[in-house]
Amino acid sequence: MDFSLTDEQRDFVAAIRDFCRRECGTREQRERLTDGFRDHHSAELYGRMAELGWLGVTIPERYGGSGGTMLDACLFMEETSRGLAPIGGYATTLIVAGATQRFGTEEQKREILGGIARGAVEAIAMTEPEAGSDVGSLSCSAERVEGGFRINGQKVFCSNAHIAAHVLVVARTRRTEDKHEGLTMIWVPRDVEGMEVVPIETMGGRETNHLYFNDCFAPEEAVLGEVDRGWAQLMAGLNVERLILAATQLGIARRAFEDALAYVKERRQFGRPIGSFQALQHRLADLATDLEAARLMTYWVATLVDEDPDRMLPREASMVKLFVTEVAKRTTLEGMQMMGGYGYSSEYDMERLVRTALVSTIYGGTSEIQRNIIAKALGL
């Protein structure tokens, strides 16, 4: 299989790299854009990317996008992560964009996809206090009333809800013996009456939230897809969600490796650069090999998605999410170790890269869940 990029794709990557170098290439620039590194998303920077047409890379042209491929989107996420661009809202936005393209009405596509191409952030709410890895056990309810639904319950760890134009809520509209039946996806505007967004303070800064619903009304036309068919719709998108997370962490891992490599070439101890010691050389050689494998796996799964966007890829998507996020975690922690106290210091980017990578093996399905899915695909 040919994984070489087209001339257009190489130019796209070069343009993103140049943009990140100019707009957020220094620590001072990133600190200003993120309120002292507390915010993971800069609306200012995101807006400039929207003007360049990059946020609509996978959105059809008739809705304001450029009609690109999933591989194009992965290149965008990889390079912006590598360039430390604070656009943390993009990953969930792309997940929501995919769901909208698959199941949305024409009116929903015009509003949601058009808004994304212009710079809107979107969020999706699945996890609850008692429904994490077991999403099917969620209990947040959407009771049918005249003209629509009334939502009550709680969601937790909803990334980007505080900056999103809408939250795509997965709620229970019917209870049956099969916990996977009776779920529905419903659009809720962020500022709607009856939904409270409460930020959760994390080691990664301001990025995720509690959501509390108290008789929150959503009209009938706010349903995405079919009522009670939300589980099947979720499964259709989870494969791509895992690829999105992998592409983002691929960029994080690459940046951590490059920073560590530059450091060991310059840092001197015992009269010579520490990179001349075989102990570090072998560790860096292993990381370089892992990164190349992670890159090829990410591009491979992206091409599978582009070949048939409707095909389910549970094994491959779980493999890429598992492997790349574990590589990112290992690379950042090794980078911190090689840099010693400087890797732990907020003066350098490595400690923030560590914090970003650590959670990646948890969200979007833990590494343990990914292994369960892969094992099931093997007939175990």
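Scope of this entry: the structure provided in the associated data block. In this text, all values refer to a predicted model and were calculated from it rather than measured experimentally.

1. Things to note about the layout of surface pockets
Considering only enclosed or pocket space, the second largest pocket measures out at about 380 Å³ in volume. Taken together, 17 residues make up the lining of the second largest pocket; nearest its centre are Thr58, Gly98, Gln101, Arg102 and Pro309. Counting only elements with at least two residues in the lining of the second largest pocket, the list comes to α5 (90-103), α7 (230-266) and α8 (278-307). It is α5 that provides the largest number of residues to the lining of the second largest pocket, a total of five residues. A per-class count over the lining of the second largest pocket returns seven nonpolar, six polar and four charged.

2. Brief notes about the pattern of salt bridges
Scanning the model with the defined rule gives 33 salt bridges in all. Note that Glu316 is salt-bridged to Arg315, the shortest N-O span being 3.4 Å. With its nearest N and O atoms 3.0 Å apart, the salt bridge here joins Arg355 to Glu351. Of this pair, Arg355 and Glu351 both sit in helix α11 (residues 350-358), four residues apart, which is roughly one turn of the helix. Residue classification places Arg355 among the partly exposed positions, given a relative accessible area of 22%. Here the salt bridges share partners, and the residues they tie into one network are Asp18, Arg21, Arg22, Glu23, Arg32, Glu44 and Arg48.

3. Here we look at empty space enclosed by the protein
One pass over the structure, following the stated rule, counts one cavity of 30 Å³ or more. When its volume is computed, the largest cavity comes out at roughly 80 Å³. When contributions to the lining of the largest cavity are tallied by element, the ones reaching two or more residues are α5 and α7. In terms of residues, the lining of the largest cavity owes the most to one element, α7, which gives five residues.

4. Quick word on the pairing of strand β5 (residues 183-189)
With respect to burial, β5 is a largely interior element, six of its seven residues being buried. The sheet contact formed by strand β4 (residues 166-172) and β5 spans seven bridges and is antiparallel. Following the sheet pairing, Val170 is matched in β5 by Met185. Where β5 lies against strand β8 (residues 223-224), two bridges are found, and the strand directions are antiparallel. Residue pairing across strands places Ile186 opposite Val223, the latter belonging to β8.

5. Comments concerning the nonpolar core
Met49, Met70, Phe76, Met77, Tyr90, Ile151 and Val167 are the most contacted members of the largest nonpolar core, which totals 86 residues. Ignoring anything within four residues of it in the chain, the contact list for Val167 reads Ala123, Ala125, Cys158, Ala161, Ile186, Trp187, Val188, Met195 and Leu211. Membership of the second largest hydrophobic core comes to 22 residues, among which are Leu84, Tyr263, Leu280 and Val354.

Calculation criteria
Residues numbered from 1 in each chain as written. Predicted model: local features only at pLDDT ≥ 70, side-chain atom pairs only at ≥ 80, totals over all residues. Heavy atoms only, no water. 1 Å grid on protein atoms, 1.4 Å probe; cavity = no way out; pocket = protein on both sides within 12 Å on 5 of 7 lines; lining within 4 Å. Points joined across faces, edges and corners; volume = space filled by probe spheres on them. Helix = DSSP H or I, 4+ residues; strand = E, 2+ residues; numbered from the N terminus. Nonpolar A, V, L, I, M, F, W, Y, C, P; charged D, E, K, R; others polar. Salt bridge = Lys/Arg side-chain N within 4 Å of Asp/Glu carboxyl O. Buried < 20%, exposed > 50% of the residue type's maximum accessible area, 1.4 Å probe, protein only. Pairing = 2+ DSSP bridges. Core = buried A, V, L, I, M, F, W, Y, C linked by side-chain atoms within 4.5 Å. Contact = heavy atoms within 4.5 Å.

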